[in-house]
Amino acid sequence: MPFFADDALITIRYAQRLIDGNGLTWTDGIRVEGYSNLLWLLLLAFFGKLGANMIVVARVLGVLFAVTNIYLLIQFANKRYKNAPVILSLVLFLFSASAIVAVWAIGGLENTLVSMLALYSITRYLEFRKSGNIQSLWLTSVSLGLLCITRPDGVLLSVMIGLYHLISNRNELKKALISLSKLAVFPLIFYFGQLTFRIIYYGELVPNTAHVKVSPSLYHAFTGIMYTLRFFKSNFSLFIIAMSSLAYLFYRKKNVSLLYAMLIGIWAMYIAFIGGDFFFAFRHHLFTIIVFMLVIIDGLGTFIEDNKLSRNKKKIATLLLSLLMVFYIYQQITDDNNTRSRNSLWVFNLQTLGAELKKTFGEEQPLIAVDPAGSLPYFTMFPALDMLGLNDYHIPRNKPGNMGKGFIGHELGDPEYVLDNKPDIIQFHIGTREPILNIDTMLSENKRFQDRYIDVAIFVEGEFEYKGVLYFDKFSSKVGIDSSAGSIIIPSYLFRADTEVYNIFEANELVTPLEPKKQFSFVVPYVINPAAIKTIPNGLDIESTKKRSTGLTKITVSNPSDSTVVFKKVVILQ
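Residues numbered from 1 in each chain as written. Predicted model: local features only at pLDDT ≥ 70, side-chain atom pairs only at ≥ 80, totals over all residues. Heavy atoms only, no water.

Colleague: Is there a simple way to think about the overall build of the chain in this case?
Modeller: What the chain contains, in helices and strands, is 22 helices and 14 strands. Projected onto the principal axes, the alpha-carbon positions of the chain cover approximately 100 × 55 × 45 Å. Here the chain holds 574 residues, and the buried ones make up 53% of them. Long-range pairs, those at least 24 residues apart, make up 71% of the contacts in the chain between residues at least 6 apart in sequence. For the chain, the accessible surface area stands at approximately 25,100 Å², while carbon and sulfur atoms represent 59% of it. Here the chain contributes 54 positive and 45 negative side-chain charges, whose respective centroids are spaced 12 Å apart. (Helix = DSSP H or I, 4+ residues; strand = E, 2+ residues; numbered from the N terminus. Buried < 20%, exposed > 50% of the residue type's maximum accessible area, 1.4 Å probe, protein only. Contact = heavy atoms within 4.5 Å. Areas by Shrake-Rupley, 256 points an atom, 1.4 Å probe, with all protein chains shown as cover. Lys, Arg positive; Asp, Glu negative; His and termini not counted. Charge placed at Lys NZ, Arg CZ, Asp CG, Glu CD.)

Colleague: Help me out: how do you make sense of the packing of helix α6 (residues 111–131) against helix α15 (residues 286–306) in this one?
Modeller: For the pair α6 and α15, the least separation of the axes is 9 Å and the interaxial angle reads 35 degrees. Of the two possible hands of crossing, α6 and α15 adopt the one that is right-handed. Contacts from Asn111, Thr112, Ser115, Ala118, Leu119, Ile122 and Thr123 of α6 reach α15 at Leu286, Phe287, Ile290, Val291 and Leu294. Looking at the contact of α6 with α15, its residues break down into eight nonpolar, four polar and no charged. (Axes fitted to C-alpha atoms, helices over the stretch in contact; angles between N-to-C directions. Left-handed = near helix turned anticlockwise from the far one by under 90°. Nonpolar A, V, L, I, M, F, W, Y, C, P; charged D, E, K, R; others polar.)

Colleague: Is there a simple way to explain the sheet that holds strand β4 (residues 453–460) in this structure?
Modeller: Neighbouring strands of a sheet are bound in pairs by backbone hydrogen bonds; such pairs are parallel or else antiparallel. Pairing in this open sheet of five strands is mixed, and the strands run β2-β1-β3-β5-β4 from one edge to the other. Two strands close off the open sheet at either side, each with one partner strand: β2 (384–386) and β4. Relative to strand β3 (residues 425–426), strand β1 (residues 368–370) is paired through two bridges, and the arrangement is parallel. When the bridges of β3 are listed, Ala369 appears paired with Ile426. (Pairing = 2+ DSSP bridges.)

Colleague: Where do I start with the pattern of salt bridges in this structure?
Modeller: Side chains bearing opposite charge may pair, as long as their charged atoms lie close to each other. As enumerated under the stated definition, the model contains 21 salt bridges in all. Residues Arg433 and Asp455 are paired through a salt bridge, measuring 2.6 Å at the closest nitrogen-oxygen approach. A residue pair is termed long-range when its members are at least 10 positions apart, and Arg433 in the loop between β3 and α21 (438–444) and Asp455 in strand β4 qualify at 22 residues. Across the salt bridge formed by Lys518 and Asp498, the nearest N and O atoms sit 3.8 Å from each other. Placement of Lys518 in the loop between β8 (509–514) and β9 (519–524) and of Asp498 in the loop between β6 (487–491) and β7 (504–506) is noted, with a sequence separation of 20 residues between them. (Salt bridge = Lys/Arg side-chain N within 4 Å of Asp/Glu carboxyl O.)

Colleague: I tried to follow the packing of aromatic side chains on my own but got confused; where do I start?
Modeller: Each aromatic ring pair is described using two quantities: the centre-to-centre distance and the angle formed by the ring planes. Evaluated as defined, the whole model comprises 39 aromatic pairs. Ring centres of Tyr125 and Tyr164 lie 6.1 Å apart, and the angle between their planes is 80 degrees; this geometry places the pair in the edge-to-face category. With a gap of 39 residues between them, Tyr125 in helix α6 and Tyr164 in helix α8 (residues 155–168) connect regions that are remote in the sequence. Through pairs of rings, three or more aromatic residues link up here, namely Tyr227, Phe231, Phe232, Phe239, Phe282 and Phe292. Stacked on the ring of Tyr201, the Lys or Arg Arg31 has its end atom at 4.0 Å from the ring centre. (Phe/Tyr/Trp six-rings, centres within 6.5 Å; stacked < 30°, edge-to-face > 60°. Lys NZ or Arg CZ within 6 Å of the ring centre and 35° of its normal.)

Colleague: What exactly am I supposed to notice about the sheet that holds β9 here?
Modeller: The three strands are arranged β9-β12-β11 in an open sheet whose pairing can be described as antiparallel. Looking along the sheet, the strands with just one partner apiece sit at the ends: β9 and β11 (541–547). Within this sheet the neighbouring strands show an average axis-to-axis angle of 15 degrees, counted without direction.

Colleague: Would you mind showing me how to read the environment of Gly224 here?
Modeller: Checked against the element boundaries, Gly224 lands in helix α12 (residues 218–234). Considering only alpha carbons, one finds Gly224 and Leu9, 215 residues apart in sequence, at a separation of 25 Å. Aside from chain neighbours lying at most four places away, what touches Gly224 is Ile271, Ala272, Gly275 and Gly276.

Colleague: Which parts of the structure should I look at to understand the pairing of strand β5 (residues 466–473)?
Modeller: Sheet faces and side chains relate simply in a regular strand, where the side chains alternate between the two faces. Counting buried positions over the eight residues of β5 gives seven, a clear majority of the element. Pairing of β3 with β5, which is carried by two bridges, proceeds in the antiparallel orientation. For Ile426, the partnering residue across the bridge sits in β5 and is Tyr471. Inspection of the sheet shows β4 paired to β5 by eight bridges, in the antiparallel sense. Bridging across to β5, Tyr453 finds its partner in Asp473. Hairpin connection, β4 to β5: the antiparallel pair is bridged by five residues.

Colleague: Help me understand the nonpolar core in this model?
Modeller: As a rule of thumb, soluble globular proteins bury nonpolar side chains together. By size, the foremost hydrophobic cluster in this structure holds 170 residues, and its most contacted members are Tyr260, Phe472 and Ile490. Ignoring anything within four residues of it in the chain, the contact list for Phe472 reads Phe361, Asp424, Ile425, Arg452, Tyr453, Ile454, Val456, Ile458, Val479, Tyr493, Leu494 and Leu510. (Core = buried A, V, L, I, M, F, W, Y, C linked by side-chain atoms within 4.5 Å.)

Colleague: How should helix α18 (residues 346–361) be read in this particular structure?
Modeller: Side chains that are three or four residues apart share a direction in an α-helix, a result of its 3.6 residues per turn. The terminal C-alpha atoms of α18, which comprises 16 residues, lie 22 Å apart, in line with the 22 Å expected from a rise of 1.5 Å per residue. Listed in full, the buried residues belonging to α18 are Val347, Phe348, Leu350, Thr352, Leu353, Gly354, Glu356, Leu357, Thr360 and Phe361. (Expected span 1.5 Å × (residues − 1).)

Colleague: Please explain unusual backbone geometry as it appears in this structure.
Modeller: Negative phi values dominate among residues other than glycine, just as trans dominates among peptide bonds. Of note, the amide linkage connecting Ile536 to Pro537 takes the cis form, showing an omega dihedral of 5 degrees. As for its placement among the helices and strands, Pro537 is situated in the loop between β10 (533–536) and β11. Not every positive phi belongs to a glycine, and Lys422 is a case in point at roughly 50 degrees. Secondary-structure assignment places Lys422 in the loop between α20 (415–420) and β3. Note on Lys422: relative accessible area 57%, which makes it exposed. Phi is positive for Asn508, close to 60 degrees, though the residue is something other than glycine. Its location among the elements puts Asn508 in the loop between β7 and β8.

Written out as structure tokens, the structure is:
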């Protein structure tokens, strides 16, 4: 499963620009905080500065943090229950076989770091509750502080633990407030430290991601609730075991049951508030999974301590758990919500394209306007414009009137603003000709776009081949008609045939395979003398049709030979 999230490449582009001395920025211009994982970004930048491949580093760290979760679960169970091996045989099976854990261990984002810090915070806090060890309280504070700068919603765990601490110690409120003040030290330091940096560096109180993704509405609340319900459905066995364990803890009046209920319930409400997530494999519920693991450890551990099951009851319990485990594995392998990552490899298709674009247009440094803001911007490192606004100052601050009624994180778009910036290349979605997102539709219907941009079909061979369409600015001196050297040069990829022909990269040029007798045409906004037109390579047939009333000339190029010729450009001498 070589899946890698496009959003992870947004973070890596920030890290690369930081390494290159461009600060914590995604592109030149007004600074925006288009990332929401500062600690993760700095970790990647640290290893990148040492010369490591940051994609590989993101995978390795993701797996290491996932494995650290396993260690923390073992440690937690061993300290609390004599029958820990029996409990862990179930818990570690559930965790290690989870498709969600697998996907986000290799997906390149900060999720396993978040889950590790959250798990460590909760277990250290529970250790403090059990033993009164002040060191455990300080360790909880440190890990919660780090969590606050790993994700903006990391502060929510600090609030939940603090609230639980006050409720569960309401009879000793003064003592509770003293320990709570210690617990809050590092979350406050890290949270307000990052806030101060944000205000000074970006001039904002909240990250740009909040402007783009947080748009509370009934529609988004509904999608957020459905997101959580789909998670429960796709992990039905885990849900049943965890909820049964939580119910037993409440039945036995265990104080920890309130903490677990708060963690699950408040997190689910938060997910509803933000509208869920567009990624598959329920990345936001990796936190829920680690809470479920703790619930099962405490629920099953308490049940085993309380009950001496007869041999027959043990057989029945083993049979029921075995059936649930079989169904669990079946869902991890087959459920589309868990497994779509197996076929979501387009990041690597765009890596193939990006490598060729960088070799071909690296000197020109064209401005690219994109929907997915990770892949093509990172693999080319060209100047870029994020048409969905995540890494742009203007777009999130000029929201459409129907904000909150669309696909979370993909609702924004300002076609006039995009065109005013004169991007040399525009990418719809992951390279489609037809519009997919709202901004694509608005652009395709815009007269300025129709007059200036032309769809260029491109094919690139490789382990992950690319076959798609980019829109090129016909009049861009970087990728379109070039008249800067005393002659007019028209690249072959601007020409059109009556059927689809894919342009290819050859010797650091984007060229067109011209089949025998095939005709390609392009209309230039000039009246051209036919004698001044030549082709590269030579020997191609040229036909020009003048339209003096409009000041246009249609140039048609055809291949008179019996074999395919690599058509590169038309040169019009002046």
